[in-house]
Amino acid sequence: MAVFSPGFRGRRRSTNPNLPPGQYEESGFPVLTAGITPRIREDDWRFTVTTERGERREWDWAGMQALGPERITTDIHCVTSWSKFGTEWRGVPVDRFLDGLDTSASFVLAGCYGGYTTNLPLDDVRGGKAWVAFEYDGQPLPAEHGGPARLLVPHLYFWKSAKWVNSLTLLEHDRAGFWEDLGYHMHGDPWREERYR
Ligand SMILES: Nc1nc2c(c(=O)[nH]1)N[C@H]1C(S)=C(S)[C@@H](COP(=O)(O)O)O[C@H]1N2
Ligand SMILES: [Mo]
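Everything quoted here is computed from the prediction, not taken from an experiment.

Asks: Mind showing me how you'd approach the nonpolar core here?
Replies: When a protein is soluble and globular, its nonpolar side chains tend to lie buried together. Counting 36 residues, the largest nonpolar core has W45, F47, V49, F97, V132 and L151 as its most contacted members. Looking at this core, the elements that each hand over two or more residues are β2 (46-50), α1 (61-65), α2 (94-98), β6 (107-112), β8 (131-136) and β11 (165-171). The residues touching V49, leaving out its near neighbours within four places in the chain, are E55, R56, R57, W59, F97, L98, L101 and L168. One finds F29, C78, W131 and L141 within the second-largest nonpolar core, a separate group that totals 13 residues.

This is the structure:
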């Protein structure tokens, strides 16, 4: 006999080809934060990129906006197994921040107001695959979702999309970020279920 308790949400294998293995479709937008929510005013916001050789660039809010934001519509996938389809964002492609930089780095460590970090292969944030996003659903990005600006890397599990992002450090060798240091995957491709290691 099959027994379902009233609160049980069946996690049947989905027939939706856009749903990675082990994920279910979420209609809300859960907030997942390890620690406090930093409150950063746009006027105080700064974003730096530092190469493996120590070359450093910095943008303020206006400078970031001048780089040419674009609209993004994308699915997102959290390692805790929710996926959300068709989310709408506005943000600056990470490529714009890297343009003309002299680097032979293969990895990047994203840093945030509040101290969170996450590591990614550089190729996963180049080529139009990642953004510094500052609008969600046509509105300024709410603080609990990483406003005023967060990294958006939708093709990887959402823990790679660092909220309140304020730096990218280019690295020759991969270095574990906050969750990666606690056992999460160094890469995090939801289609390969790269959840933990
Ligand atoms: N700075 C910061 N970024 C973060 C986190 C965090 O705790 N701090 N959590 C990560 C995790 S585990 C997830 S699933 C997503 C959640 O984003 P959301 O709260 O907008 O849904 O943010 C990621 N980025
Ligand atoms: Mo997460």
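So, next bit.
Asks: Help me out: how do you make sense of the pairing of β11 in this one?
Replies: Moving residue by residue along a regular strand, the side chains alternate between the two faces of the sheet. Of all the 7 residues making up β11, 6 are buried; the element is thus mostly covered by neighbouring parts of the structure. Where β2 lies against β11, 3 bridges are found, and the strand directions are parallel. Opposite T48, over in β11, you have S167 as the bridge partner. As paired elements, β6 and β11 share 6 bridges and run antiparallel to each other. Along β11, the bridge assignment pairs G111 with S167.

Asks: Can you help me understand the site of ligand 1 in this one?
Replies: Around ligand 1 lies a shell of 20 residues, among which P30, A34, H145, R150 and K163 are the nearest. In this structure, P30 approaches ligand 1 through a main-chain N or O atom, which is 2.6 Å from an oxygen atom. The contact in question runs from an oxygen atom of ligand 1 to an N or O atom on the side chain of R150, over 2.7 Å. Summarising the interface, the protein chains cover 97% of the accessible area of ligand 1, which totals 530 Å² for the free molecule.

Asks: Help me understand the packing of aromatic side chains, please; the structure alone is not making it clear to me.
Replies: Pairs of aromatic rings are described using the distance from one ring centre to the other and the angle between the two planes. Summed over all chains, the structure comprises 18 aromatic pairs. For the pair W59 and F97, a centre-to-centre distance of 4.9 Å together with 90 degrees between the ring planes defines the contact as edge-to-face. Pair noted here: W59 is in strand β3 (residues 56-60) and F97 is in helix α2, with a separation of 38 residues, a long-range link. Here the two residues W59 and F97 agree in accessibility, since each one is buried. When the centroid spacing of 4.9 Å and the interplanar angle of 65 degrees are considered together, the rings of W89 and Y136 count as edge-to-face. Taken together, the positions of W89 in strand β5 (residues 82-93) and Y136 in strand β8 put the pair 47 residues apart, joining distant regions of the chain. The buried category is assigned to W89, whose relative accessible area is 3%. On the basis of relative accessibility, which here comes to 13%, the residue Y136 falls in the buried class.

Reading the values: rules and limits
Residues numbered from 1 in each chain as written. Chains lettered and ligands numbered in written order. Predicted model: local features only at pLDDT ≥ 70, side-chain atom pairs only at ≥ 80, totals over all residues. Heavy atoms only, no water. Core = buried A, V, L, I, M, F, W, Y, C linked by side-chain atoms within 4.5 Å. Buried < 20%, exposed > 50% of the residue type's maximum accessible area, 1.4 Å probe, protein only. Helix = DSSP H or I, 4+ residues; strand = E, 2+ residues; numbered from the N terminus. Contact = heavy atoms within 4.5 Å. Pairing = 2+ DSSP bridges. Near = heavy atom within 4 Å. Polar contact = N/O pair within 3.5 Å; in protein donor to acceptor, adjacent residues only side chain to side chain. Areas by Shrake-Rupley, 256 points an atom, 1.4 Å probe, with all protein chains shown as cover. Phe/Tyr/Trp six-rings, centres within 6.5 Å; stacked < 30°, edge-to-face > 60°.

Just geometry here; none of it tells us what the structure is for.
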